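Examination of the molecular architecture
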Amino acid sequence: MQQLTSFLSGSWQSGRGRARTIHHAITGEPLWEVTSEGLDLAQARRYAIDNGGEALSKMTFVERAAMLKAVAKHLLEQKEVFYALSAQTGATRADSWVDIEGGIGTLFTYAGLGARELPDDVLWPEDELIPLSKNGGFAARHVLTAKSGVAVHINAFNFPCWGMLEKLAPTWLAGMPAIIKPATASAQVTQAMVKSIVDSGLVPDGAIGLICGGAGDLLDHLDFQDVVTFTGSAQTGQSLRIHPNIVKNSIPFTMEADSLNCCVLGDDVTPEQPEFALFIREVVREMTAKAGQKCTAIRRIIAPQAQIQAVSDALIARLQSVKMGDPAVEGVKMGSLVNADQRTDVQEKVDALVAAGCEVRLGGKADMQAAGAFFPPTLLFCPHPDESPAVHAIEAFGPVATLMPYQTRAQSLALARAGQGSLAGTLVTADPAIAREFILGAARAHGRIQILNEESSKESTGHGSPLPQLLHGGPGRAGGGEELGGLRAVKHYLQRTAVQGSPTMLASVSQQWVRGAQVQEDRVHPFRKYFEELQPGDSLLTPRRTLTETDIVNFACLSGDHFYAHMDKIGAAESMFGERVVHGYFVISAAAGLFVDAGVGPVIANYGMENLRFIEPVKPGDTLQVRLTVKRKTVKRQKTADDKPTGVVEWAVDVFNQHQQPVALYSILTLVARQQGDF
């Protein structure tokens, strides 16, 4: 039997010492020996920082995003290798799809976010200029920079691919290398994916490391520039959180732990309504997908007392129709648990719940002598959930859920919160008022809540599907951490620093022009310059234009906007303005007429407008002038050699009147041709 090797310090290495065995979840056949004893983990950390960290930190956010996209494409081409290994863990093809292609999809999502929304720079200005003085000479910005350490990712067994990739995506986008420590029970799947990434040559040397086996003394060698993330049991996570070195060095620690998530049936729903069937479907899917081995799975089924029997009957009927067995056999909808140890653990937890007063309505007992680690779909019933704390504390990490009744909406909210912190919850209702009441009463105990009804069900991704755009985490028992959530997750691997100084200094630091900073004017109109020729701070001060009542009338007729403040002399006189004012959108149009160069040139198109604010009213007879300034630039990567090379330029537009008062401030985005392509 071969040993599952680790990838550290740029090479594949075997441990020496006591080994654990990975068994096939269906047949019980021994597959791999796993140990990390004897490996130099301190050196592995240093290698990752000196090589992977050094290379990643020199890449811009846009370049890192392109790297993520390339890795995602490569892994997608190799997916069948991962599916074959995933079957060894007892997962069905559908289970593995969420893990493998769901994880790869997360890489694609973060690649897109980075390319569209992050600067083509190694520094990320997080906010706009913050004035700190009366005359504007002293200001600040918060900036984000890459840490100089390594991210240690300790992952759970249930999602060996997605669990790694959903953390790697924001880590690499932030510019940090990572050392992955997968759970031993399914480490062969993670190892295959890491090997594919390493062999691809798409990431810098040292950007990824892998420990197959225990984490050893790795945590002892970390310092304040490192980050630790953990996914798994709350008990293990809590013990790691208080590791002496993590506490001593205030090392950021993000934890996502298993929780007793709930699904609540609103008291407005009866068996005749479509929402009732949706409720049953959602619960059964969450109980049986991945054989219930999901940190987001529904563990507590909360239903009105009046519907308890109907819910129980419908769940039993649906669960009895789920075919359990070898996922390779046609028609099998639920596979096994990951191994015999996990089966033993689930049986012990079910027995504890029964001893605490729960009734078994379906399943409840596994064949502990069988080779495969199967556990039957199990529905428990707790008649008095207010008096049974165990049902809100004991989690059987398998196809097990407990049905419990509520008498009032207030009680349903109390039961939803009784899990002491959950990753996900679902409310099934057709009544918007009940939905609002539930959010107000239960959101504080949940990281994510799905409101499911007939309308949303047509496109819902389901209770247990963490999405890269949304927060994944939860308070209390769920760990108190935050993963995913779009670019919010990237910030966990960056250092936020408040930088104070003059606007010109802040513009230089951020490589983005800010209002109040010095500008550079040129006799050549900026719209005549290619992307490479434009620099932040390049500016144009336009000629002036005086607006008249005729302009107001003509714009009203052209646009159809006859609002009284523009057209009704008496009404406008009685308004806050005291007289008629120019349409705000005409001010913007007139501004464009002042700064646009009409000839064919490098500027291809207006890409959009952002942060428009009207500062002062413009009245007939006022004279406008505009300052147009390059704020920042972002390269748009070419998908093919045939695509025209372009970049996006953000321009700050300041429109002011004859008194030098700003009347409108905003930004425009333009697509500008590049002279040099990517190919």
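So, a few notes on the structure that sits alongside this text. Everything numeric in this text was worked out from a predicted model, so none of it was measured.

**Focus: the overall build of the protein chain**
- Along the backbone of the protein chain there are 19 helices and 29 strands.
- Dimensions of the protein chain, computed from C-alpha atoms along their principal axes, come out at roughly 90 × 60 × 50 Å.
- The buried share of the protein chain, reckoned over its 679 residues, is 54%.
- Counting only contacts in the protein chain whose residues sit at least 6 apart along the sequence, the fraction spanning at least 24 positions is 73%.
- Carbon and sulfur atoms form 52% of the exposed surface of the protein chain, whose accessible area is close to 28,500 Å².
- Here the protein chain contributes 62 positively and 72 negatively charged side chains, and the mean placements of these two sets differ by 3 Å.

**Quick word on the nonpolar core**
- Counting residues in each nonpolar core, the largest one holds 58 residues, and the members touching the most others are L75, Y110 and W172.
- Those elements that place two or more of their residues in this core are β4 (30-34), α2 (61-77), α3 (79-86), α4 (93-117), α5 (162-174), β9 (178-181), α6 (187-200) and β10 (208-210).
- When residues of this core are assigned to their parent elements, the largest contribution, 8 residues, is made by α5.
- In this view, Y110 contacts L68, A169, P170, L173, P468, L484, G485, G486, A489 and V490; residues no more than four positions away in its chain are not counted.
- Listed in part, the 54 residues of the second largest apolar core include M287, L362, A366 and M404.

**Points about the sheet that holds strand β14 (residues 298-304)**
- The mixed open sheet is built from 7 strands, whose spatial order is β15-β16-β17-β14-β13-β18-β19. Strands with a single pairing partner mark the edges of an open sheet, and in this sheet they are β15 (359-362) and β19 (446-452). Averaged over all pairs of adjacent strands, the angle between strand axes in this sheet comes to 25°, irrespective of strand direction.
- Looking at chain direction, strand β16 (residues 378-381) and strand β17 (residues 400-406) are connected through 4 bridges and run parallel. Within β17, the position partnered with L379 by the bridge is A401.
- Across the sheet, helix α13 (residues 432-442) lies against β13 (261-265), β18 (422-428) and β19, angled at about 170° from β19, the strand it touches most.

**A closer look at a nonpolar patch on the surface**
- Where nonpolar side chains cluster on the molecular surface, the patch consists of I130, L132 and F138 and spans about 230 Å² of accessible area.
- Looking at the element boundaries, L132 is found in the loop between β6 (130-131) and β7 (139-146).
- By relative accessible area, which is 42% here, L132 ends up partly exposed.

**A closer look at the packing of helix α12 (residues 409-417) against α13**
- Relative to each other, α12 and α13 sit at 45°, their axes nearing to 9 Å. The orientation of α12 with respect to α13, classified from their angle, is oblique. Seen from above, α12 lies across α13 with right-handed handedness. Between α12, through R409, L413, A416 and R417, and α13, the contact on the second element is made entirely by I434, E437, F438, G441 and A442.
- Split by residue class, the contact of α12 with α13 holds 5 nonpolar, 1 polar and 3 charged.

**Notes on the pairing of strand β24 (residues 538-541)**
- Bridging between strand β23 (residues 520-521) and β24 involves 2 bridges; their strand directions are parallel. Looking across to β24, one finds that Q520 is bridged to D538.
- The pairing of β24 with strand β27 (residues 623-636) spans 3 bridges and is classified as antiparallel. When the sheet's bridge partners are listed, L541 is paired in β27 with R627.

**Comments concerning helix α7 (residues 234-241)**
- Within α7 the residues assigned to the buried category are A234, G237 and L240. In a view along the axis of α7, the buried residues occupy a sector of 125°, so they form one face of it.
- Considering only its buried residues, α7 is in contact with β8 (151-154), β11 (227-232), α8 (244-248) and β12 (253-257).

**Topic: helix α9 (residues 274-288)**
- The terminal C-alpha atoms of α9, which comprises 15 residues, lie 22 Å apart, in line with the 21 Å expected from a rise of 1.5 Å per residue.
- Burial runs high along α9: 11 of the 15 residues are buried.
- Among the residues making up α9, those that are buried are E275, F276, L278, F279, I280, E282, V283, V284, E286, M287 and T288.
- Two residues or fewer past α9, K290 is found with a positive phi of approximately 55°.

**Considering the pattern of salt bridges**
- As enumerated under the stated definition, the model contains 29 salt bridges in all.
- Of the charged contacts in the structure, one is a salt bridge between K631 and E128, with a shortest N-O distance of 2.9 Å. Taken together, the residues span a long stretch of sequence, with K631 in strand β27 and E128 in the loop between β5 (124-125) and β6 at a distance of 503 residues.
- When salt bridges with common partners are traced through the structure, they connect E128, K631, R632 and E650 into a single cluster.

**Quick look at a positive patch on the surface**
- Together, K69, K73, K636 and K639 make up a positively charged patch on the protein surface.
- Relative to the helices and strands, K73 is located in helix α2.

**A closer look at the packing of α3 against α4**
- Remark: α3 packs on α4, axes separated minimally by 10 Å, with the N-to-C direction vectors making an angle of 130°. With respect to each other, α3 and α4 are oriented oblique. Where α3 crosses over α4, the two elements pack in a sense that is right-handed. Residue-level inspection shows K79, E80, F82, Y83 and S86 of α3 in contact with α4, the latter providing R93, S96, W97, I100 and E101.
- Taken together, the residues of the contact of α3 with α4 sort by class into 4 nonpolar, 2 polar and 4 charged.

**Regarding the packing of aromatic side chains**
- Under the criterion given, the structure shown has 9 aromatic pairs.
- Seen in terms of ring centroids, F7 and W12 are 4.9 Å apart; in terms of plane orientation they differ by 50°. Their pairing is tilted.
- Between F555 and F586, the ring centres sit 5.4 Å apart and the planes meet at 50°, which makes this aromatic pair tilted. Highlighted residues: F555 in helix α16 (residues 549-559) and F586 in helix α19 (residues 584-595), separated in sequence by 31 residues.
- F555 sits in the buried class, given a relative accessible area of 15%.
- Overall, F586 belongs to the buried group, its relative accessible area being 9%.
- Looking at R93, its charged tip hangs above the ring of Y83, at a distance of 3.6 Å from the centre.

**Brief notes about unusual backbone geometry**
- Not every positive phi belongs to a glycine, and K290 is a case in point at roughly 55°.
- Mapped onto the elements, K290 comes out in the loop between α9 and β14.
- Relative accessible area serves as the criterion here: at 7%, K290 is assigned to the buried category.
- Positioned with a positive phi, N611 is a non-glycine residue whose angle comes to about 55°.
- Among the structural elements, N611 can be located in strand β26 (residues 603-614).

Conventions used here
Residues numbered from 1 in each chain as written. Predicted model: local features only at pLDDT ≥ 70, side-chain atom pairs only at ≥ 80, totals over all residues. Heavy atoms only, no water. Helix = DSSP H or I, 4+ residues; strand = E, 2+ residues; numbered from the N terminus. Buried < 20%, exposed > 50% of the residue type's maximum accessible area, 1.4 Å probe, protein only. Contact = heavy atoms within 4.5 Å. Areas by Shrake-Rupley, 256 points an atom, 1.4 Å probe, with all protein chains shown as cover. Lys, Arg positive; Asp, Glu negative; His and termini not counted. Charge placed at Lys NZ, Arg CZ, Asp CG, Glu CD. Core = buried A, V, L, I, M, F, W, Y, C linked by side-chain atoms within 4.5 Å. Pairing = 2+ DSSP bridges. Axes fitted to C-alpha atoms, helices over the stretch in contact; angles between N-to-C directions. Patch = residues over 30% accessible without salt bridge, like charges linked within 9 Å, V, L, I, M, F, W, Y side chains within 5 Å. Salt bridge = Lys/Arg side-chain N within 4 Å of Asp/Glu carboxyl O. Parallel < 35°, antiparallel > 145°, perpendicular 65-115°, else oblique. Left-handed = near helix turned anticlockwise from the far one by under 90°. Nonpolar A, V, L, I, M, F, W, Y, C, P; charged D, E, K, R; others polar. Arc of directions from axis to C-beta. Expected span 1.5 Å × (residues − 1). Phe/Tyr/Trp six-rings, centres within 6.5 Å; stacked < 30°, edge-to-face > 60°. Lys NZ or Arg CZ within 6 Å of the ring centre and 35° of its normal.

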